[in-house]
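Summary of structural features
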Amino acid sequence: MIRMYGVSMSYLASTYALRDVSLDVGKGEFVFLTGSSGAGKTTLLKLLFAAERSTEGQIIIRGRNIARMRGAAIPELRRHVGVVFQDFKLLNRRTVEENVSVALQVRGEAPRIVRAKAFQMLKQVGLQNRRHDYPLSLSGGEQQRVAIARALVNDPEILLSDEPTGNLDPDLTLEIMDLLVQASTRGTTVLVATHEHGLLSRYGKRVIHLEHGRIARDVPAHDVST
Amino acid sequence: MIRLGYRLQYFVQTAWRGLRSSLLTSGVSVLTIAVALGLMGGFGLLVLNMQGLLDRFGEDLQVSVYLEADLSKERTQELDATLKSVEGVRHVEYISPEQALQHFLSVAGTHAGLIEGLDHNPLPASFVLTLAPEKRTKQDMAIVVESLQGLPGIEDLVYGADWIEGYTRAIGFVRWLAAGLGGVLVFATVMIVANTIRLAVYARRDEIEILSLVGASRIFVSVPFLLEGMLQGLLGGLLALAMLYAAFRLALPEIAHGLQLLVGLAAPSFLSSGDMLLLVACGAGLGCFGSLLALIGGYRH
Ligand SMILES: Nc1ncnc2c1ncn2[C@@H]1O[C@H](COP(=O)(O)OP(=O)(O)OP(=O)(O)O)[C@@H](O)[C@H]1O
Ligand SMILES: [Mg+2]
């Protein structure tokens, strides 16, 4: 589903944020991306929805090299890649429902379907009763769930999430993580960048460690149920 | 196509929301557009009424051909045929001395005494030539008259009304003024909308970024702004119409006397429904164009 070959990326001429990264993530796979601050986690995610362009290498998503993609093709890519941003990036002047709906509207879905899917999705994240409220009247955790609902509502092939549990209490963290894991069991490829080592061991998913822009370790998933 | 239909609801909703969220700047924009369009409509109205007057009175633009006294019947008929064959002459009417006298008495009023003492009718017979509308200018009339001059049997030729010549020139002037002013106002309208939309784009740059991150195409992001500009133009156009109509109804009686000199006694008419539609459509079109300019300049950032 996601293939990277020798991908390098530098914001400034002399330094690399990512250096010669190659990886292969399958459909429905759940991958943690970890590493110390500045290791390149956010940069890697950004390359996957073309918010930044790599300076070298190939990134194959849905059979296309998005590293060489025309700007006009980017919207179509993003309609298949749901992103949960660390700062949520909600539309503050639109209601919760409208925030979730917009991901469907950009695809030209019929209003009837938009309403039905948005409601269903909000129900899944437990916010159906807040659907007419505005994001700023929600708690941080609730806003985060709106962001997740928006990222998942159009059943994306890939879900990217940067520090999804950054400022949540432990209960909420697990709740959010469960939503992400559920998405992967439905066939969505999920990449989660996180600092929290507790999560890594708890879920036993594949973990890719980044250090100074390079992949230092790639630990495959293992069974944690015992 | 269907998808476009689905999106339309979203686009209109978003444009309307945008307009409401910046009530002050949008309001100022709408007002300014209304004033600009109102001025343009006002000039249009003036030209329209002046032209209408000319069309009505232009019929009177005739050439009178006075005949020598005691001209033979044959010669008169010959002349009639000749006059009818002159290029630019649409209609030829014979007026006998008796008809001329009757007409004179009917319009002369108190001056009728002038000829009362005479024992015979002093008025000559004449032909009245009506020219084709496109020939009703001083030059064309002079050409027609010149071609008649010296024909045997013709005593005198009288033509033209200087006021019409002057009036035609006045209409031309007002029309040029309207066109010039219109050009400036069109430019101003486009700039105002462009500026308002540029501000709106700037104020909503976060929203634009977020939309683009969830897969909105450039068109999806832009159309609400285009509609917003169009809506401003549309509202401005409607407001302009309302102002024009109010001015027409309320202010007209006040300045009626002065206006009579300009557009004559005929009751002035308001814009036709087609012209009203045109004015509003103009507003909408200019608004759309203005926001297009703003988007071309402002989207990248
Ligand atoms: N917009 C930018 N301009 C210049 N340099 C940048 C930019 N964004 C990131 N960098 C640099 O690229 C490197 C990788 O940054 P990145 O944000 O990917 O790290 P990260 O792993 O997400 O860190 P954190 O855990 O703190 O979020 C860092 O050295 C950072 O300073
Ligand atoms: Mg980061």
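Up top you'll find the structure we're talking about.
None of the values given here were measured: they were computed from a predicted structure.

**Focus on the overall build of chain B**
- Looking only at helices and strands, one finds nine helices and four strands in chain B.
- In sequence order, the secondary structure elements of chain B are arranged as α-α-β-α-β-α-β-α-β-α-α-α-α.
- Classification of the 301 residues of chain B by burial places 40% in the buried group.
- Long-range pairs, those at least 24 residues apart, make up 86% of the contacts in chain B with a sequence separation of at least 6.
- For chain B, the accessible surface area stands at approximately 17100 Å², while carbon and sulfur atoms represent 65% of it.

**Considerations on a nonpolar patch on the surface**
Residues and elements named next belong to chain B.
- A cluster of nonpolar side chains, namely Leu31, Val35, Leu39, Leu181, Leu239 and Met243, defines an oily patch on the protein surface of about 460 Å² accessible area.
- Going through the elements one at a time, α2 (23–58) and α8 (218–263) are the ones with two or more residues in the nonpolar patch.
- Element by element, the count of residues in the nonpolar patch is highest for α2, at three residues.
- Within the element layout of this structure, Val35 appears in helix α2.
- Take Val35: its relative accessible area is 43%, and that puts it in the partly exposed class.

**A few points about unusual backbone geometry**
- Despite not being glycine, Asp20(A) shows a phi value in the positive range, around 50°.
- The residue Asp20(A) is located in strand β2 (residues 18–25) in this model.

**What about the nonpolar core?**
Residues and elements named next belong to chain A.
- Within the largest apolar cluster, 38 residues are counted, with the highest numbers of intra-cluster contacts made by Phe30, Phe32, Val100 and Leu180.
- Counting only elements with at least two residues in this core, the list comes to β3 (30–34), α3 (96–105), α4 (111–124), α5 (140–152), α6 (170–185), β8 (189–193) and α7 (197–203).
- Per-element tally for this core: the top contributor is α6, with seven residues.
- Each of domain 1 (1–80 + 156–226) and domain 2 (90–155) gives at least three residues to this core.
- Each residue touching Val100, except ones within four places of it in the same chain, is listed here: Ala118, Met121, Leu122, Val146, Ala149, Arg150 and Val153.

**Some thoughts on the site of ligand 1**
Residue and element names in this part refer to chain A.
- As a structural note, the neighbourhood of ligand 1 is formed by Tyr11, Ala17, Ser36, Ser37, Gly38, Ala39, Gly40, Lys41, Thr42, Thr43, Glu163 and His195.
- Contact distances for ligand 1 include 3.3 Å between an oxygen atom and a backbone N or O atom of Ala39.
- In this structure, Thr42 approaches ligand 1 through a side-chain N or O atom, which is 2.6 Å from an oxygen atom.
- Protein contact buries 60% of the 630 Å² of open area that ligand 1 shows by itself.
- Looking at the shell around ligand 1 residue by residue, the classes come out as three nonpolar, seven polar and two charged.

**Quick notes on the environment of Gly82(A)**
All names here are of chain A.
- Turning to its location among the elements, Gly82 is positioned in strand β6 (residues 81–84).
- With 40 residues separating them in the primary sequence, Gly82 and Thr42 have C-alpha atoms 15 Å apart.
- For Gly82, the residues in contact, after removing those within four places along its chain, are Ala151, Pro156, Ile158, Leu159 and Leu160.

**Points about the sheet that holds β6(A)**
Residues and elements named next belong to chain A.
- A sheet is described by the order of its strands in space; here six strands give the open sequence β6-β7-β8-β3-β9-β10, paired in mixed fashion. The open sheet has two edge strands with one neighbour each: β6 and β10 (214–219). The sheet shows a mean angle of 20° between the axes of neighbouring strands, direction not considered.
- Across four bridges, the pairing between β3 and strand β9 (residues 206–211) is parallel. When the bridges of β9 are listed, Phe32 appears paired with Val207.

**What about the interface of chain A and chain B?**
- Contacts between the two partners involve 20 residues from chain A, matched on the other side by 21 residues from chain B.
- Buried surface at the junction of chain A and chain B, both sides included, amounts to about 2000 Å², of which 55% is carbon and sulfur.
- Counting every contact that joins chain A to chain B gives four salt bridges.
- The partner of Glu98(A) in a salt bridge is Arg17(B), with the nearest N and O atoms 3.3 Å apart.

**Quick word on the pattern of salt bridges**
- Under the definition given, this model contains 17 salt bridges over all chains.
- The closest approach of N and O atoms between Glu78(B) and Arg75(B), which form a salt bridge, is 2.6 Å. Of this pair, Glu78(B) and Arg75(B) both sit in helix α3 (residues 73–85), three residues apart, which is roughly one turn of the helix.
- On the basis of relative accessible area, Glu78(B) is assigned to the partly exposed category, the value being 45%.
- Note that Lys84(B) and Asp80(B) form a salt bridge whose closest N and O atoms lie 3.3 Å from each other. Of the two residues, Lys84(B) and Asp80(B) both sit in helix α3, four residues apart, roughly one turn of that helix.
- The exposure class of Lys84(B) is partly exposed, given its relative accessible area of 49%.
- The partly exposed category is assigned to Asp80(B), whose relative accessible area is 21%.
- Taken together, the salt bridges that share partners define one network made up of Glu29(A), Arg206(A) and Asp218(A).

**Some remarks on helix α7 (residues 205–213) of chain B**
- Turning to α7(B), its buried residues number three or more, namely Glu207(B), Ile208(B), Ile210(B), Leu211(B) and Leu213(B).
- Once α7(B) ends, the next one or two residues include Gly215(B), with phi positive near 100°.

**Overview of the state of the cysteines**
Residue and element names in this part refer to chain B.
- Under the defined criterion, the tally for this structure stands at zero disulfides over all chains.
- In this structure Cys282 is not part of a disulfide, and its nearest cysteine sulfur, from Cys288, lies 13 Å away.
- Taking relative accessible area as the criterion, Cys282 reaches 39% and is therefore assigned partly exposed.

Rules behind the numbers
Per chain, residue numbering runs from 1 following the sequence as it is written. The order in which chains are written sets their letters, starting at A; the order in which ligands are written sets their numbers, starting at 1. Reporting in this predicted model follows two pLDDT cut-offs: at least 70 for local features of residues, and 80 or more for side-chain atom pairs to be given and counted; totals over whole chains, interfaces and linings ignore these cut-offs and use all residues. As a rule here, side-chain values cover all heavy atoms of the structure and leave hydrogens and water aside. The helix count covers DSSP runs of H or I at least four residues long, the strand count covers runs of E at least two residues long, and both are numbered beginning at the N terminus. Relative accessibility decides the category of a residue: with a 1.4 Å probe and only protein chains considered, values under 20% of the type maximum give buried, values over 50% give exposed, and everything between is partly exposed. Whether two residues touch is decided by their heavy atoms; if any such pair falls within 4.5 Å, the residues are in contact. Surface accessibility follows the Shrake-Rupley procedure with a 1.4 Å probe radius. Residue values consider only the protein chains on display as shielding. Like-charged residues are merged into a patch within 9 Å and nonpolar side chains (Val, Leu, Ile, Met, Phe, Trp, Tyr) within 5 Å, provided each residue has over 30% relative accessible area and no salt bridge. By convention in these notes, a salt bridge is any Lys or Arg side-chain nitrogen within 4 Å of a carboxyl oxygen on Asp or Glu. The nonpolar core is taken to be a set of buried Ala, Val, Leu, Ile, Met, Phe, Trp, Tyr and Cys residues, with the residues joined through side-chain atoms within 4.5 Å. Each domain span listed reflects an automatic or database assignment of domains. The cutoff for a nearby residue is simple: one of its non-hydrogen atoms must lie within 4 Å of the molecule or strand. Polar contacts here mean pairs of N or O atoms no more than 3.5 Å apart (in protein, one a potential hydrogen donor and the other a potential acceptor; neighbouring residues in sequence count only if both atoms are side-chain atoms). Classification convention: Asp, Glu, Lys, Arg as charged; Ala, Val, Leu, Ile, Met, Phe, Trp, Tyr, Cys, Pro as nonpolar; all other residues, Gly among them, as polar. When DSSP locates at least two bridges between a pair of strands, those strands are taken to pair. Angles run from 0 to 180 degrees between N-to-C directions of axes, and those axes are lines fitted to C-alpha atoms, restricted for helices to the stretch in contact. Once two parts are joined, some of their accessible surface, as seen by a 1.4 Å probe, is lost; buried area is that loss totalled over both. A pair of cysteine sulfur atoms is labelled a disulfide when the two atoms are within 2.5 Å.

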